[in-house]
Amino acid sequence: GHGVRNLINQTLPGLEPNELDKALDIFRGYYTEHCVDETTVYLGVADVLKYFKSKAMAVVSNKPSPFTKKILEKKGIIGYFKIILGEESHPKKKPDPEPLLYVAEQLGIEPKASCMVGDWITDVEAGKRAGMVTVGCTYGIGNKEELVSYKPDYLVDSIIELKDIIE
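All values derive from a computational prediction rather than experimental measurement.

Student: Explain the nonpolar core to me, please; I cannot follow it from the model alone.
Tutor: Generally speaking, nonpolar side chains in soluble globular proteins are found buried as a group. Among the nonpolar cores identified, the biggest contains 16 residues, and Leu 49 and Phe 81 are the most heavily contacted of them. At the level of elements, α3 (45-51), β1 (57-60), β2 (81-85) and β4 (133-137) are the ones that each hand at least two residues to this core. The leading source of residues in this core is α3, at three residues. Setting aside residues up to four positions removed in sequence, Leu 49 forms contacts with Met 57, Ile 77, Tyr 80 and Phe 81.

Here is the structure:
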């Protein structure tokens, strides 16, 4: 949700900066080898990506881009995305809207004609702040009640519902 440094800092609170850096190095080494082990593509995602393949789609993740790209590649869906940003790909990260605005600009799309789909509050907040339509996915890793409290424009229990929302 808020990047790897934050994850490690919350998991191992009270580390000195040099200890945090060492823990990050250990995490990155392990996750490089195992980032796909427990990762699954949610039911319906492949079909929805095929359905929208004529649309300009991108991934904006707070996960480092090498991991994001490896996961997308190993799961066979990387080819659907014109742009893939990870936490280090842009000076700002979600919930800041700047990475989303950057992607919209690169794709030549007005933010108001764009849609941010995500399962975490940082996704909804970034999308709203960028002036995009927001879709909160209740089936992901986020907390449903917290996601609802951010008032996405749409809530979906299945990615397949996007076919009824997006033109």
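Text resumes after the structure shown.
Student: Looking at this model, I keep getting lost on the environment of Pro 97. Mind explaining?
Tutor: Here Pro 97 lies in the loop between β2 and α5 (98-107). Taking C-alpha positions, Pro 97 is 7.9 Å from Glu 125, a pair spaced 28 residues apart along the chain. When residues no more than four places from it in sequence are discounted, the contact partners of Pro 97 are Ala 126, Arg 129 and Ala 130.

Student: I'm lost on the pairing of β2 in this one. Help?
Tutor: For a regular strand, side-chain orientation follows a simple rule: the groups alternate between the two sheet faces. Burial within β2 is extensive, with four of its five residues counted as buried. When β1 meets β2, the two strands line up parallel, connected through four bridges. The residue bridging Ala 58 from the neighbouring strand is Ile 83, located in β2. In this fold, β1 hands off to helix α4 (residues 65-74), which returns the chain to β2; that crossover is right-handed.

Student: Help me understand the environment of Val 135, please; the structure alone is not making it clear to me.
Tutor: With respect to the helices, strands and loops of the structure, Val 135 is situated in strand β4. For Val 135, a relative accessible area of 0% corresponds to the buried category. Along the chain, Val 135 and Asp 119 lie 16 residues apart, while their C-alpha atoms are 8.3 Å from each other. Every residue in contact with Val 135, bar those within four places of it in the chain, is listed here: Cys 115, Met 116, Val 117, Gly 118, Pro 152, Tyr 154, Val 156 and Leu 162.

Student: Explain the packing of aromatic side chains to me, please; I cannot follow it from the model alone.
Tutor: Any two aromatic rings considered together are summarised by their centre-to-centre distance and by the angle between their planes. Counted according to the given criterion, the structure contains four aromatic pairs. Seen from their ring centres, Tyr 31 and Phe 67 are 4.8 Å apart, and the 90° between their planes marks the pair as edge-to-face. In this pair, Tyr 31 is assigned in helix α2 (residues 17-34) and Phe 67 in helix α4, connecting sequence segments 36 residues apart. Phe 67 shares its class with Tyr 31; the two are buried. Pairing Tyr 42 with Tyr 139 gives two aromatic rings, centres 4.9 Å apart and planes at 75°, and the pair type is edge-to-face. Of this pair, Tyr 42 sits in the loop between α2 and α3 while Tyr 139 sits in the loop between β4 and α7 (144-149), and the two are 97 residues apart along the sequence. For Tyr 139, a relative accessible area of 23% translates into the label partly exposed. One aromatic cluster is present, built from ring pairs that chain together Phe 27, Tyr 31 and Phe 67.

Student: What exactly am I supposed to notice about the packing of helix α1 (residues 4-11) against α2 here?
Tutor: For any two helices packed against each other, the geometry is given by the interaxial angle and the distance between the axes. Where α1 contacts α2, the axes come no closer than 10 Å and their chain directions differ by 115°. On the basis of their axis angle, the class for α1 and α2 is roughly perpendicular. In this structure, α1 crosses over α2, and the sense of that crossing is right-handed. Side by side, α1 and α2 meet where Val 4, Arg 5, Leu 7, Ile 8 and Asn 9 of the first sit next to Leu 20, Asp 21, Ala 23, Leu 24 and Phe 27 of the second. Here the residues of the contact of α1 with α2 are counted per class, giving seven nonpolar, one polar and two charged.

Student: Would you mind showing me how to read α2 here?
Tutor: Note that an α-helix has 3.6 residues per turn; residues three or four places apart therefore point the same way. Here α2 spans 25 Å end to end across 18 residues, near enough to the 26 Å set by a 1.5 Å rise per residue. Among the residues of α2, Leu 20, Ala 23, Leu 24 and Tyr 31 are the ones counted as buried. Projected down its long axis, α2 shows its buried positions confined to an angular sector of 105°, all on one face. Of the exposed residues in α2, those oriented more than 90 degrees away from the buried face are Asn 18, Lys 22, Asp 25, Ile 26, Tyr 30 and Glu 33.

Reading guide: rules and limits
- Residues numbered from 1 in each chain as written.
- Predicted model: local features only at pLDDT ≥ 70, side-chain atom pairs only at ≥ 80, totals over all residues.
- Heavy atoms only, no water.
- Core = buried A, V, L, I, M, F, W, Y, C linked by side-chain atoms within 4.5 Å.
- Buried < 20%, exposed > 50% of the residue type's maximum accessible area, 1.4 Å probe, protein only.
- Helix = DSSP H or I, 4+ residues; strand = E, 2+ residues; numbered from the N terminus.
- Contact = heavy atoms within 4.5 Å.
- Pairing = 2+ DSSP bridges.
- Right-handed = clockwise from strand over helix to strand, strands pointing away.
- Phe/Tyr/Trp six-rings, centres within 6.5 Å; stacked < 30°, edge-to-face > 60°.
- Axes fitted to C-alpha atoms, helices over the stretch in contact; angles between N-to-C directions.
- Parallel < 35°, antiparallel > 145°, perpendicular 65-115°, else oblique.
- Left-handed = near helix turned anticlockwise from the far one by under 90°.
- Nonpolar A, V, L, I, M, F, W, Y, C, P; charged D, E, K, R; others polar.
- Expected span 1.5 Å × (residues − 1).
- Arc of directions from axis to C-beta.

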